[in-house]
Amino acid sequence: MSVSTAAIDPSVCAPLPVLGQDVTVPLVTGGEVTYAALDYAASAPALQRVWDDVAAYAPYYGSVHRGAGYLSQLSTDLFENSRRTVAEFLGCRAEDQVVFTRSTTDSLNLLAAAIPANCQVFVYETEHHASLLPWRDAQVTYLNAPRTPGQAVETLERALADRDPYGPALVCVTGASNVTGELWPVKELAAATHAHGARIVLDAAQLAPHHPVDIAELDVDWVAFSGHKLYAPFGSGVLAGRADWLQAAEPYLAGGGASRKVARRADGGVDVDWHTTAARHEAGSPNVIGIYSIASACKALTEAGFDNLVAREQELVRRVREGLAQVPEVQVLSLFGDDAPRVGVISFVVSGWNSSHFAAALSAEYGIGVRDGLFCAHPLVRTLLGSDPQDPGECGAPEAEPGERSLNAIRVSFGAGTPDEHIERFLRAVTELVREGAQWKYRTEDGRCVPDRGTAAQV
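Participant: Please explain the pairing of strand E10 (residues 237-241) as it appears in this structure.
Facilitator: Two faces belong to every sheet, and in a regular strand the side chains alternate between them. The element E10 is largely enclosed, with a buried count of 5 among its 5 residues. Across the two faces of E10 the burial is the same, with Gly237, Leu239 and Gly241 and Val238 and Ala240 all buried. Relative to E10, strand E4 (residues 97-101) runs antiparallel, the two sharing 5 bridges. Across the sheet, the residue bridging to Val98 is Ala240, located in E10. Bridge count for strand E9 (residues 222-226) against E10 is 5 bridges, and the pairing is antiparallel. Each bridged residue has a counterpart across the sheet, and for Ser226 the counterpart in E10 is Gly237.

Given below as structure tokens:
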């Protein structure tokens, strides 16, 4: 998967307007500053365009597939047009289905519930928990973290060569790491998967907001992603791809909307005729606003020119990496090495600092929001930090006092709405904290490192 290196046209590569870009936050040292949202990998701010589209639709809100009234019909059309917009955004094949879910996690749990009996699942230990953990009823092979893209393909090929060649098999892989931001060789992994008679699902939660995703071009069987990482509000997600396993599986949720016909039997039981379309796994009243938000975000990214957005983000990645390289105490985490292509997600540790303490100081003293912890990818972060798999550590901040070594890292992430000033402030803050130390005292409270409001600033 290549990243565009075309010349950047400043007139079309300005940051996209997002909600919250003018929000100010208080500093523990006094005064206020415009908040620098650099935690896109967790949840990206909603695009202003998305919010405006939702606001324009809100007065026309109506039940979907449930009413004959004008607003219900309008909402139904909006819902199904959103499905078509997402299919086009993902380059879906004619026979593919787009199923709306709550999130990437929900999408992959849906697929896990739909895989055939005795399916073998292959997943790298480097995955986010959303794609590492759903396969509880399958025979799972966990693959060791590769250190090059080529090794990733070789590891998968060896594992698939040793599997039962007659049973169903599924490979689950990320498109871009939520820890390192590195791009995985998805097309090559898909080719290896299909050569061994297996199928592949792409976790595109971190890829879709930063890079075009084309199901047909990548030749993957399914793609899963979340709206809240694609500049849309919380509560909606997508599973798109092959229909056969989904049509053959029991509905993910049993209820209205998933059934075409329900009738009582003579013996007192109930017979159900389930839909074979995407509706089979969309029981209940859908999150129309969330789904419309995803479609709006897909349109906004496409109309802004995804190649230009990618090029601008790559420039931000370059600046961050070069800036961090100027601070010897900073160690950037990587699987594939410094030259590996990546999206705007970078994790690091700072020598002599508890990562939670460092992230807290960035927030309290500079108004910069980053993430610290293991990023719901515990095995990967432990591997990158060279720690024992049994060492303690959590998704959030560990119970370690400021200054104590902790099994966690700091993650900075950015995207289409990130202003240059946020990147410049972040790099300046990292340098000042490492060179001069924090200006305030911090303590651990309820598992989080927070400023000690009862202490004076440190001079």
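Participant: So what exactly am I meant to see when it comes to the pattern of salt bridges here?
Facilitator: Where charged atoms of side chains with opposite charge meet at close range, the side chains can pair. Here the structure, examined in full by the defined rule, presents 27 salt bridges. For Glu303, the salt bridge goes to Arg49, with nearest N and O atoms at 2.9 Å. In this pair, Glu303 sits in helix H9 (residues 288-304) while Arg49 sits in helix H1 (residues 48-57), placing the two residues 254 residues apart along the sequence. Taking relative accessible area as the criterion, Arg49 reaches 31% and is therefore assigned partly exposed.

Participant: How do you make sense of a nonpolar patch on the surface when you look at a structure like this?
Facilitator: On the surface, a nonpolar cluster with roughly 330 Å² of combined accessible area is contributed by Tyr60, Tyr70 and Leu71. Within the secondary structure layout, Tyr70 lies in helix H2 (residues 70-89).

Participant: What's the story with the nonpolar core in this structure? I'm lost.
Facilitator: Where a protein is soluble and globular, its nonpolar side chains tend to be buried together. Residues Leu90 and Phe225 are the most contacted members of the largest nonpolar core, which totals 80 residues. Counting residues in each nonpolar core, the second largest holds 35 residues, with Val317, Phe414, Phe426 and Val430 among its members.

Participant: Just checking my understanding: could you explain the sheet that holds strand E16 (residues 371-373) for this structure?
Facilitator: Adjacent strands of a sheet pair through backbone hydrogen bonds, lying either parallel or antiparallel. The sheet built from 4 strands is open, its strands ordered E13-E14-E17-E16 with antiparallel pairing. With partners counted over all chains shown, the strands left at the sheet margins are strand E13 (330-332) and E16, one partner each. Each adjacent strand pair in this sheet contributes to an overall mean axis angle of 30 degrees, direction not counted. As paired strands, E16 and strand E17 (residues 409-413) are joined by 3 bridges and run antiparallel to one another.

Participant: Before we go on, may I ask you to explain helix H6 (residues 186-195) in this structure?
Facilitator: What sets the pattern is the α-helix's 3.6 residues per turn: residues three or four places apart point alike. Inspection of H6 places Val186, Leu189, Ala190, Ala192 and Thr193 among the buried residues, and these make up the whole buried set. When H6 is viewed along its axis, its buried side chains cluster within an angular range of 165 degrees and face the same direction. If you follow the buried residues of H6, they end up packed against strand E5 (120-124), helix H5 (149-161), strand E7 (169-174), strand E8 (199-203) and helix H7 (215-218).

Here is what the cut-offs are and how they apply
- Residues numbered from 1 in each chain as written.
- Predicted model: local features only at pLDDT ≥ 70, side-chain atom pairs only at ≥ 80, totals over all residues.
- Heavy atoms only, no water.
- Buried < 20%, exposed > 50% of the residue type's maximum accessible area, 1.4 Å probe, protein only.
- Helix = DSSP H or I, 4+ residues; strand = E, 2+ residues; numbered from the N terminus.
- Pairing = 2+ DSSP bridges.
- Salt bridge = Lys/Arg side-chain N within 4 Å of Asp/Glu carboxyl O.
- Patch = residues over 30% accessible without salt bridge, like charges linked within 9 Å, V, L, I, M, F, W, Y side chains within 5 Å.
- Areas by Shrake-Rupley, 256 points an atom, 1.4 Å probe, with all protein chains shown as cover.
- Core = buried A, V, L, I, M, F, W, Y, C linked by side-chain atoms within 4.5 Å.
- Axes fitted to C-alpha atoms, helices over the stretch in contact; angles between N-to-C directions.
- Arc of directions from axis to C-beta.
- Contact = heavy atoms within 4.5 Å.

Coordinates in, geometry out; function isn't part of it.
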